[in-house]
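Notes for the structure review
Now for the letters of each chain:
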Amino acid sequence: MSHLSERPEKPAVGLSLPHESAYQHVTGTALYTDDLIHRTKDVLHAYPVQVMKAHGRITKLNTGPALDVPGVVRVLTGADVPGVNDAGMKHDEPLFPDEVMFYGHAVAWVLGENLEAARLGAAAVEVELDEQPAVITLQDAMAAESYHGARPLMETGDIAAGFADSAHVFTGEFQFSGQEHFYLETHAALAQVDENGQIFIQSSTQHPSETQEIVSHVLGIPAHEVTVQCLRMGGGFGGKEMQPHGFAAVAALGAKLTGRPVRFRLNRTQDLTMSGKRHGFHASWKIGFDADGRIQALDATLTADGGWSLDLSEPVLARALCHIDNTYWIPNARVAGRIAKTNTVSNTAFRGFGGPQGMLVIEDILGRVAPQLGLDPMELRERNFYRPDQGQTTPYGQLVTQAERIATVWREVQDKGGVADRKREIAAFNAAHPHTKRALAITGIKFGISFNLTAFNQGGALVLIYKDGSVLINHGGTEMGQGLHTKMIQVAATTLGIPLHKVRLAPTRTDKVPNTSATAASSGADLNGGAIKNACEQLRDRLLQVAASQLGVNASDVRIVEGVARALGSDKEVGWDDLVHTAYFQRVQLSAAGYYRTEGLHWDVKSFRGTPFKYFAYGAAAAEVEVDGFTGAYRLRRVDIVHDVGESLSPLIDIGQVEGGFVQGAGWLTLEDLRWDTSDGPHRGRLQTQAASTYKLPSFSEMPEEFHVTLLENATEEGAVYGSKAVGEPPLMLAFSVREALRQAAAAFGPSGVSVDLASPATPEAVYWAVQEAREAGESGEGAADQVSTAVSDVSDASDVEALSGA
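What counts, and at which threshold
Along each chain, residues carry numbers from 1 onward, in the same order as the chain's sequence is written. At least 70 in pLDDT is required for a residue's local features to be given in this predicted model, at least 80 for side-chain atom pairs to be given and counted, and no such filter applies to totals for whole chains, interfaces and linings, which use all residues. Hydrogen atoms and water are omitted, and side-chain values are computed over all heavy atoms in the structure. Each helix is a run of DSSP H or I of at least 4 residues and each strand a run of E of at least 2, with the numbering of both proceeding from the N terminus. In this treatment the radius of gyration is a C-alpha quantity, and the globule benchmark scales as 2.2 Å times the residue count to the 0.38 power. Contacts are assigned to residue pairs with any non-hydrogen atoms lying within 4.5 Å of each other. Accessibility throughout is a Shrake-Rupley quantity obtained with a 1.4 Å probe, and a residue counts as covered only by protein chains that appear here. We treat Lys and Arg as the positive residues and Asp and Glu as the negative residues; His and chain ends play no part in the count. A charged residue contributes its charge at one atom only: NZ of Lys, CZ of Arg, CG of Asp or CD of Glu. In this analysis, strands are considered paired if DSSP registers two or more bridges between them. Axis definition: a line fit to C-alpha positions, over the contact stretch in the case of helices; interaxial angles, taken between N-to-C directions, run 0 to 180 degrees. By nonpolar core we mean a set of buried residues, namely Ala, Val, Leu, Ile, Met, Phe, Trp, Tyr and Cys, connected to one another through side-chain atoms within 4.5 Å. Type-normalised accessible area, obtained with a 1.4 Å probe on protein chains alone, sets the label of each residue: buried when under 20%, exposed when over 50%, and partly exposed for intermediate values. Taking the helix axis as origin, the arc is that swept by the directions to the C-beta atoms. Pairs of N or O atoms within 3.5 Å make up the polar contacts considered here, provided that, within protein, one atom can donate a hydrogen while the other can accept it, and that residues adjacent in sequence are counted only when both atoms are side-chain atoms. Take a side-chain nitrogen of Lys or Arg and a carboxyl oxygen of Asp or Glu: if they are within 4 Å of each other, that pair is a salt bridge. Note that the term roughly parallel is reserved for angles under 35 degrees, roughly antiparallel for angles over 145, roughly perpendicular for angles of 65 to 115, and oblique for everything else. Here the term charged refers only to Asp, Glu, Lys and Arg, the term nonpolar to Ala, Val, Leu, Ile, Met, Phe, Trp, Tyr, Cys and Pro, and the term polar to all other amino acids, Gly among them. Definitions for this section: a left-handed crossing has its near helix turned counterclockwise from the far helix by less than a right angle. A right-handed crossing has that turn clockwise.

This part is about the overall build of the protein chain. Broken down by element type, the protein chain carries 20 helices and 29 strands. A globule of 807 residues ought to have a C-alpha radius of gyration of about 28 Å, and the protein chain, at 28 Å, matches this closely. Considered along the principal axes of its C-alpha atoms, the protein chain spans approximately 85 × 80 × 50 Å. Relative to all contacts within the protein chain whose residues are 6 or more apart in sequence, the contacts with residues 24 or more apart total 81%. Of the roughly 29,700 Å² of accessible surface on the protein chain, a fraction of 50% belongs to carbon and sulfur atoms. Positive and negative side-chain charges in the protein chain, numbering 68 and 97 respectively, have mean positions lying 5 Å apart.

Written out as structure tokens, the structure is:
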């Protein structure tokens, strides 16, 4: 076992502990960014001047009327920016734009003595616009050839030969929606200036170092004059990886110009209409299978809806391409990617970061074509799994390690869920109920862990031991409710060999740990845990030397367990507190900076090949649904999950992440339906689903009636801290099983072997239309072989394939 993954005697990792802030959460004493205004004197409030048009050039911006509003102190415009007027890393997101790019774009900010004064002042600002044509939908952008950013191309094998060798070739298109983050805490920041003109910002951000960087370049000051702190977030899900930076810069600019603290917080409607979403995608594809149903070739084009600016669209698209294979070996593939430019909010990171979009494409394909191949969808999926010891690589060239776990979790979820018996029960139920159908589907996942950009795969930590034996840890990760801080306390206590109560965790700050990566890509525990372990090992080694001198043995023969240093084979011992006290008087350094970098990574963005991921996380889910044939309404009867988290650092936290990720994924795929005004009227481009009343979120009523989550056993990951694996993003994709179960239930209203399309999100309305499609196939007497509208099947000649697919 590797040094990184090996666990010592009686480790604190592996214990099922509650979240380290659980008590504060449930009692309401946990502080969030906006709570801090009540502890800050003379705070000004910032409010956006939004333009309610989708696209146009500003011809007039008159701020004078706002200054006449009682309580308005100042209006911030582009003329006030001393540095770079840009809030993004691609320099395509002006903080104060002269061109409105989406409905609700903020062009100026009003500072008021109170929020109401700032709001009235913003309403008084006069803005005139030269309106321009607005591209709102992904289809419009594709028709207009409106694209921006890179156009990656991933290729492997010989695609022409693959299709020539295919007994069955299918073609199709698939478009699916984005998703609103809908974190409980909206975007917020509080900026202050000290006596030296230095900026201190409290921000609800997943990436404090990048917030620091953006504020630094907006203000035109070096980074060491800007400190960013994040106490905690009320949810992030990727929505606070890039988009908090500009908002923090507005607060910082206001504080710099007025000398007073400036508070910024979006209300819910503003947050929904001004912040980015998960990227919606369009996919066009052609796929070939041999006579046994094994994939021979895939040719696909993925188009992501990037919105008005690039933000993180390029790496999101890259990860989508890297995950289109999911758990399936595709020997010959060509997958192209492009980013549509639309006049909507700039879409951004969201849990899974493009991985769910890529994986959804292949799962939709297999769900659609399985009946046309005469195969049970479970069987078709299983036939195409990556196989262990075959040397099989992904389409981008990475060897698929631990491929045996794909089949292992698949079998375990069937066994634990009693799938075989339940499928027989479902068949009997469906035969007896003409207007209600049930179905059970299983899908698996293979999700790569690491940032696609190799440089981001590093973490830092600062660990301090005080004379009384108490320990304070600082690391670069942020806490958004996912339990990262809980795991880091367990890692520190395990490495030092002390009880958990000895360790406290400090808020994340850029002046304690510099140049940190975002808490994203599911890598928070891997990177920061590795850094904390490194710092604690330095401290432990120093203390072992002190203990060895006291115990009269060699340092290699001393172990610190549960706060006591003992010599092997001896009754002699020294308590932790005494050991630390002695070390101080011997002038032994009791602080250490830790560092970790993920080894073995390589990525060539131009050739789109390499080894971008340290390892893969695996999982499988079985979902059973029941569909009403009259309305398309459905309920999720039961879910069984087996998920691979390696050797869990904190099982209670990990199970919570699996459950939460699954439910969020099910929301994306079945409920959450973003709608924009696509008319040519005055509100073209307006987000219509801008509140919880119109944007349907998962609630208790959507939870499975039975929900069983099991963590894969005996699954130590040699390449990660204490044998664990990342857990934040992968479980979201387990929700594919719900959508595929809905497809199968809808198809059950038609003849055997019918294939139906299913929109995403699969709302009750969408399910109803799928049910109707199945019924119509029955009325017309169509079978699987007759359905050529969405797929081409049983083509014997490659030239016929090209003609039928329109290639």
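Next, the rest of the story.
So, on to the sheet that holds strand E3 (residues 72–76). In spatial order, the strands read E3-E5-E1-E12-E9-E10-E11-E20; together these eight strands make up an open sheet with mixed pairing. Looking at strand neighbours, the two that pair on one side only are E3 and strand E20 (508–509), the edges of this open sheet. Pairing geometry for strand E9 (residues 188–193) and strand E12 (residues 262–265), over four bridges, is antiparallel. Along E12, the bridge assignment pairs Leu190 with Arg263. Strand contacts of helix H3 (residues 115–124): strand E1 (44–51), E3, strand E5 (105–112) and E12, with the helix running at about 25° to E1, the strand carrying the most contacts.

Turning our eyes to something else, we now look at the nonpolar core. With 109 residues, the main nonpolar core has Trp285, Ile287, Phe289, Leu298, Leu302, Ile641 and Phe662 as its most contacted residues. Sort the elements by how many residues they give to this core and strand E27 (residues 615–628) lands first, with 10 residues. Apart from residues no more than four positions distant in its own chain, Phe289 is found in contact with Ser166, Ala167, His168, Phe170, Arg294, Ile295, Gln296, Leu366, Val369, Leu373, Leu380 and Asn384. Ala12, Ala493, Ile498 and Ala567 belong to the second largest nonpolar core, which has 52 residues in total.

Here we take up H3. All of the buried residues along H3 are Ala117, Ala118, Gly121 and Ala122. All buried residues of H3 fall inside an arc of 135° around its axis, so they share one side. Where H3 is buried, its residues meet E1, helix H2 (64–67), E3 and E5. One side-chain oxygen of the residue at the start of H3 lies 3.2 Å from the amide nitrogen of Glu116, identifying that residue as Asn114.

For the rest of this paragraph, the subject is the pattern of salt bridges. A full pass over the atoms with the stated rule returns 50 salt bridges. The salt bridge involving Arg383 is made with Glu379; its shortest N-O contact spans 2.7 Å. With Arg383 and Glu379 both in helix H11 (residues 377–383), this residue pair falls four residues apart, about one helical turn. Between Glu537 and Lys533 there is a salt bridge, with the nearest N and O atoms lying 2.6 Å from each other. Of the two residues, Glu537 and Lys533 both sit in helix H15 (residues 524–551), four residues apart, roughly one turn of that helix. Each member of the pair, Glu537 as well as Lys533, is classed as buried. One network of salt bridges, with partners in common, ties together Glu363, Asp364, Arg368, Arg381, Arg739, Glu740, Arg743 and Asp757.

For the rest of this paragraph, the subject is the sheet that holds strand E29 (residues 706–711). In space, the four strands of this open sheet follow the order E16-E27-E28-E29, with mixed pairing throughout. Strand pairing shows two members of the sheet lacking a second neighbour, strand E16 (436–449) and E29, which therefore form its edges. Geometrically, the sheet is characterised by an average inter-axis angle of 15° between neighbouring strands, direction not taken into account. Pairing geometry for E16 and E27, over 14 bridges, is antiparallel. The residue bridging Lys437 from the neighbouring strand is Val627, located in E27.

In this structure, Pro761 follows Ser760 across a cis peptide bond, with omega equal to 15°. In this fold, Pro761 is placed in the loop between helix H18 (736–747) and helix H19 (764–779). Located in the positive-phi region is Lys10, a residue other than glycine, with phi close to 50°. Relative to the helices and strands, Lys10 is located in the segment before helix H1 (22–27). On the accessibility criterion, Lys10 (53% relative accessible area) is exposed. Unlike most non-glycine residues, Phe182 shows phi in positive territory, near 50°. With respect to the helices, strands and loops of the structure, Phe182 is situated in the loop between strand E8 (168–176) and E9. When its relative accessible area of 15% is taken as the criterion, Phe182 is described as buried.

Moving on, we get to the packing of H15 against helix H16 (residues 576–585). Two elements in contact, H15 and H16, have axes separated by 10 Å at closest approach and are oriented at 100°. For the element pair H15 / H16, the angle class is roughly perpendicular. Contact residues: Leu543, Val546, Ala547 and Gln550 in H15; Trp576, Leu579, Val580, Thr582 and Ala583 in H16. A class-by-class count of the residues in the contact of H15 with H16 yields seven nonpolar, two polar and no charged.

Here we take up the packing of helix H10 (residues 355–369) against H18. Viewed as axis vectors pointing N to C, H10 and H18 meet at an angle of 25°, and their least axial separation amounts to 11 Å. The orientation of H10 with respect to H18, classified from their angle, is roughly parallel. For the pair H10 and H18, the crossing hand works out as right-handed. For the pair formed by H10 and H18, the contact residues are Pro356, Met359, Leu360, Glu363, Asp364, Gly367 and Arg368 on the first element and Phe736, Arg739, Glu740 and Arg743 on the second. Here the contact of H10 with H18 is built from residues that sort into four nonpolar, one polar and six charged.

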